[in-house]
Amino acid sequence: MIQFMDSHIHLQDYNANNTTEIIQAAEACGVDKFIAVSSTEDQWADVLKLAQTYPNKIIPALGIHPWYIGKMRKGWEKRLEGILLQNHHVLVGECGLDRIKNPELAPQEDIFRIQLELARKYRRSLLIHAVKAAEWLEDFWKILPECSVFHAFGGRIDMLKKLLNHGGYAAFGFSIFKNRDAQQILRYIPADRILFETDAPYMAPNKGQQNLPQYLPEIAAKIATIRGEDLETLAAQVYQNSLKIAGLIK
Ligand SMILES: [Zn+2]
């Protein structure tokens with residue numbers, strides 16, 4: 001069976017009673033690893049616990065999402081640094097900049113910069129949410145951590161070129177198929193910079209539906225078709241990329 005990693009999932013946002021079932025259903029479809037991201041400090045403990053329950057299967061990522069910067073408690077950056085120091089497998093994210101949700105750059109920028117610098121300092125992958133933020137990112141391209149992932153990539157081809165020039169990865173979920181430049185973007189990006197993700201339970205293929213990690217192979221198959229590439233070959237490369245981002249291989 002083809003192996004997949006879901007490189008961006010909000011597992012803690014499902015009813016906790018269903019987690020085992022959701023993971024097993026995904027595994028039955030070849031999705032055997034998951035990067036579990038968080039959006040607020042309140043979710044950090046849940047994500048760490050999931051990773052403990054499923055070692056080597058769930059890789060935790062701790063961050064503050066730009067939508068929730070109003071909810072932070074004082075000292076969050078020290079607490080995040082403390083956890084990174086003690087847990088060498090913990091990644092940073094999801095974090096970033098979102099111009100649609102909040103047209104003001106500050107304080108999003110400060111919160112993002114702190115997380116970016118922590119990822120650099122402790123050599124962890126950074127999982128970035130960037131929406132209509134191409135201009136705002138100008139200050140950040142040169143200081144991106146070695147492994148930086150632009151989750152749910154939805155930018156234009158110019159943005160993709162910048163990201164590639166600075167060593168970044170782009171993760172694609174169902175939202176890419178709604179992008180008017182999808183064909184151009186998916187054909188341009190080299191296979192060694194692609195990741196697959198569901199962003200589940202969000203970003204479902206159809207409105208009103210709940211997304212599930214078991215749908216990931218569908219995303220991969222569609223992307224392979226658009227690229228005119230064999231699914232097995234593409235998936236094998238993307239799995240290697242995912243292992244690197246997850247910190248499981250060098
Ligand atoms: Zn997300």
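As a reminder, the structure under discussion sits directly above these lines.
Residues numbered from 1 in each chain as written. Predicted model: local features only at pLDDT ≥ 70, side-chain atom pairs only at ≥ 80, totals over all residues. Heavy atoms only, no water.

Draft legend 1. Representation of the overall build of the protein chain. Of the regular secondary structure elements, the protein chain holds 8 helices and 8 strands. In terms of overall dimensions, the protein chain is globule-like: its C-alpha atoms have a radius of gyration of 17 Å, near the 18 Å expected for 250 residues. Overall, the C-alpha framework of the protein chain stretches about 50 × 40 × 40 Å when taken along its three principal axes. Each of the 250 residues in the protein chain was classed as buried or not, and the buried ones make up 55%. Considering only residue pairs separated by 6 or more positions, the protein chain has 71% of its internal contacts joining residues 24 or more positions apart. On the protein chain, roughly 11600 Å² of surface is accessible, and the fraction owed to carbon and sulfur atoms is 49%. When the 29 positive and 29 negative side-chain charges of the protein chain are each reduced to one mean point, those points stand 3 Å apart. (Helix = DSSP H or I, 4+ residues; strand = E, 2+ residues; numbered from the N terminus. Rg over C-alpha atoms; globule rule 2.2 N^0.38 Å. Buried < 20%, exposed > 50% of the residue type's maximum accessible area, 1.4 Å probe, protein only. Contact = heavy atoms within 4.5 Å. Areas by Shrake-Rupley, 256 points an atom, 1.4 Å probe, with all protein chains shown as cover. Lys, Arg positive; Asp, Glu negative; His and termini not counted. Charge placed at Lys NZ, Arg CZ, Asp CG, Glu CD.)

Draft legend 2. Expanded view of the state of the cysteines. Counted according to the given criterion, the structure contains 0 disulfides. Free of any disulfide, Cys 147 has its nearest cysteine sulfur in Cys 95, 14 Å distant. Residue classification places Cys 147 among the buried residues on the basis of a relative accessible area of 10%. (Disulfide = S-S within 2.5 Å.)

Draft legend 3. Region of the structure containing the packing of aromatic side chains. Considering all chains together, one arrives at 5 aromatic pairs under this definition. An angle of 35° between the planes, with centres 5.5 Å apart, marks the rings of Trp 141 and Phe 150 as tilted. Judged by centre distance (6.3 Å) and plane angle (85°), the rings of Phe 153 and Phe 172 are edge-to-face. Linking Phe 153 in the loop between β6 (148-150) and α5 (157-165) with Phe 172 in strand β7 (residues 169-172), this pair joins segments that are 19 residues apart in sequence. Just as Phe 153 is buried, Phe 172 falls in that class too. Over the face of the ring belonging to Trp 67 we find Lys 101, whose NZ or CZ atom lies 4.3 Å from the ring centre. Sitting over the face of the ring of Phe 177, Lys 222 holds its NZ or CZ atom 4.7 Å from the ring centroid. (Phe/Tyr/Trp six-rings, centres within 6.5 Å; stacked < 30°, edge-to-face > 60°. Lys NZ or Arg CZ within 6 Å of the ring centre and 35° of its normal.)

Everything listed is a geometric property; what it means functionally is a separate question.
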